[in-house]
Amino acid sequence: MSVTEENGAAIQAPGTSSYLSFDNAPDYVPPVWPASEGHQRMMMHIDVAVDDLTPAVADAIELGAKLADFQPQENVRVLLDPAGHPFCLYLDT
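Residues numbered from 1 in each chain as written. Predicted model: local features only at pLDDT ≥ 70, side-chain atom pairs only at ≥ 80, totals over all residues. Heavy atoms only, no water.

Novice: Help me out: how do you make sense of the overall build of the protein in this one?
Specialist: From N to C terminus, the protein includes 1 helix and 7 strands. Listing each helix as α and each strand as β along the protein from the N terminus yields β-β-β-β-α-β-β-β. Projected onto the principal axes, the alpha-carbon positions of the protein cover approximately 40 × 35 × 25 Å. When each of the 93 residues of the protein is scored for burial, the buried share is 19%. When contacts within the protein are restricted to residue pairs at least 6 apart in sequence, long-range pairs at least 24 apart make up 35% of them. Taken as a whole, the protein presents about 7000 Å² of accessible surface, with 54% of it coming from carbon and sulfur. (Helix = DSSP H or I, 4+ residues; strand = E, 2+ residues; numbered from the N terminus. Buried < 20%, exposed > 50% of the residue type's maximum accessible area, 1.4 Å probe, protein only. Contact = heavy atoms within 4.5 Å. Areas by Shrake-Rupley, 256 points an atom, 1.4 Å probe, with all protein chains shown as cover.)

Printed below as a string of structure tokens:
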């Protein structure tokens, strides 16, 4: 279930009291990746397991993500969502 309001939205996992809440932040400053002294650090991080990195990355980019310049691991791809939050797609072996 999802709920959208003027200043945010929430997505609830069906049959639970667990949910993700997203708030509008007019003064938002995107984080930098990798973390750098004196700059906004990431506020959250989501890892998503995938069976094949290449098509998963292509799908994420098609949906608006951007491949981060710094890639620390061979079996992981760090991407940035449209607001600049980093997230990872990793090869589930």
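Novice: Would you mind going over unusual backbone geometry with me for this structure?
Specialist: Keep in mind that most residues, glycine aside, have a negative phi and that most peptide bonds are trans. Along the chain, Trp-33 connects to Pro-34 via a cis peptide bond; the corresponding omega equals -5°. Residue placement: Pro-34 occurs in the loop between strand S3 (19-23) and strand S4 (47-50).

Novice: Is there a simple way to think about the environment of Ala-10 in this case?
Specialist: Tracing the backbone through its elements, the reader meets Ala-10 in strand S2 (residues 8-12). Under the relative-accessibility criterion, Ala-10 is labelled partly exposed at 22%. C-alpha of Ala-10 to C-alpha of Asp-59: the two residues are 49 residues apart in sequence and 23 Å apart in space.

Novice: I'm lost on the nonpolar core in this one. Help?
Specialist: Core analysis: the biggest nonpolar cluster contains 9 residues, these being Val-50, Leu-53, Ala-56, Val-57, Ala-60, Ala-65, Leu-79, Phe-87 and Leu-89. Among the elements that take part in this core, helix H1 (residues 53-62) stands out by supplying 4 residues, more than any other. With 5 residues, the next largest nonpolar core counts Ala-68, Val-76, Leu-80 and Cys-88 among its residues. (Core = buried A, V, L, I, M, F, W, Y, C linked by side-chain atoms within 4.5 Å.)

Novice: Would you take a moment to explain the side chain of His-85 for this structure?
Specialist: Structurally, the position occupied by His-85 is in the loop between strand S6 (76-80) and strand S7 (86-91). Within the local environment of His-85, its side chain forms a polar contact with the side chain of Tyr-28, the two groups lying 3.4 Å apart. Those residues in contact with His-85 that sit more than four places away from it in its chain are Tyr-28, Pro-31, Met-43, Met-44, Leu-79 and Leu-80. (Polar contact = N/O pair within 3.5 Å; in protein donor to acceptor, adjacent residues only side chain to side chain.)

Novice: What is the right way to look at the packing of aromatic side chains in this model?
Specialist: Each pair of aromatic rings is reported with the distance of its centres and the angle of its planes. Throughout the structure, instances matching the rule amount to 1 aromatic pair. Ring geometry for Trp-33 against Phe-70: centres 6.0 Å apart, planes inclined by 45°, an arrangement best described as tilted. Placement of the pair is Trp-33 in the loop between S3 and S4 and Phe-70 in the loop between strand S5 (66-67) and S6, with a sequence separation of 37 residues. The class for Phe-70 is partly exposed, based on a relative accessible area of 39%. (Phe/Tyr/Trp six-rings, centres within 6.5 Å; stacked < 30°, edge-to-face > 60°.)

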